[in-house]
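Residue-level listing of the chains:
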Amino acid sequence: MITKEMIDRINYLYHKSKNEGLTDEEKIEQSKLRMEYVKEIRERVKQQLDSIKFADEDDCHDDCCHHHHHQ
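Residues numbered from 1 in each chain as written. Predicted model: local features only at pLDDT ≥ 70, side-chain atom pairs only at ≥ 80, totals over all residues. Heavy atoms only, no water.

- The chain appears in an unreviewed UniProt entry as UPF0291 protein J2Z80_001437 from Thermoanaerobacterium butyriciformans.
- In its Sequence similarities (unreviewed entry) section, UniProt records this for the chain: "Belongs to the UPF0291 family."
- What the UniProt record of the chain gives under Subcellular location (unreviewed entry) is the line "Cytoplasm". (UniProt positions renumbered as here; feature names shortened; annotations may be inferred.)

So this is what it looks like as C-alpha cells:
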C-alpha cells in the first residue's frame, strides 16, 4: 500500500538525487520504492478500468464516451 511516508520518501530521494546525488543504498531504495509505487498505481488503474467496463455494459448510451475524459 502506498503510504504518505512512502511518497515523502520518494520525493525526498528525488530532490536529493537532483541536488547532491544519492548513495548506492539510496539508489536501490529509490528504485524499490518506485517499483512498489508503479505496481500499486497499475493495480488501481486496472480496477478502475474493470469497473468502468462493467458499468458501460449496463448503460452504454450516448454518455458512454464522456466518462473516459474525466480521469
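1. Things to note about the environment of K39
- Within the secondary structure layout, K39 lies in helix α2 (residues 24-58).
- On a C-alpha basis, the gap between K39 and M1 in space is 9.8 Å, while along the polypeptide they are 38 residues apart. (Helix = DSSP H or I, 4+ residues; strand = E, 2+ residues; numbered from the N terminus.)

2. Considering the nonpolar core
- Core analysis: the largest hydrophobic core is formed by 5 residues, namely M6, I10, L13, L22 and L33.
- With 3 residues, helix α1 (residues 4-19) is the largest single contributor of residues to this core.
- Excluding residues within four positions of it along the chain, L13 makes contact with L22, E26, E29, Q30 and L33. (Core = buried A, V, L, I, M, F, W, Y, C linked by side-chain atoms within 4.5 Å. Buried < 20%, exposed > 50% of the residue type's maximum accessible area, 1.4 Å probe, protein only. Contact = heavy atoms within 4.5 Å.)

3. Description of the environment of E29
- Assignment of secondary structure puts E29 in helix α2.
- With relative accessibility at 27%, the residue E29 sits in the partly exposed group.
- Along the primary structure E29 and I10 are separated by 19 residues, whereas in three dimensions their C-alpha atoms are 9.1 Å apart.
- Discounting residues that sit within four places of it in the chain, E29 has contacts with R9 and L13.

4. Some words on α1
- Here α1 spans 22 Å end to end across 16 residues, near enough to the 22 Å set by a 1.5 Å rise per residue.
- Among the residues of α1, those classed as buried are M6, I10, L13 and K16. Down the axis of α1, the buried set is contained in an arc of 135°. They therefore lie on one face. Along α1, exposed side chains directed more than 90 degrees from the buried face belong to K4, K18 and N19.
- Just downstream of α1, G21 is the residue with a positive phi angle, here 90°. (Expected span 1.5 Å × (residues − 1). Arc of directions from axis to C-beta.)

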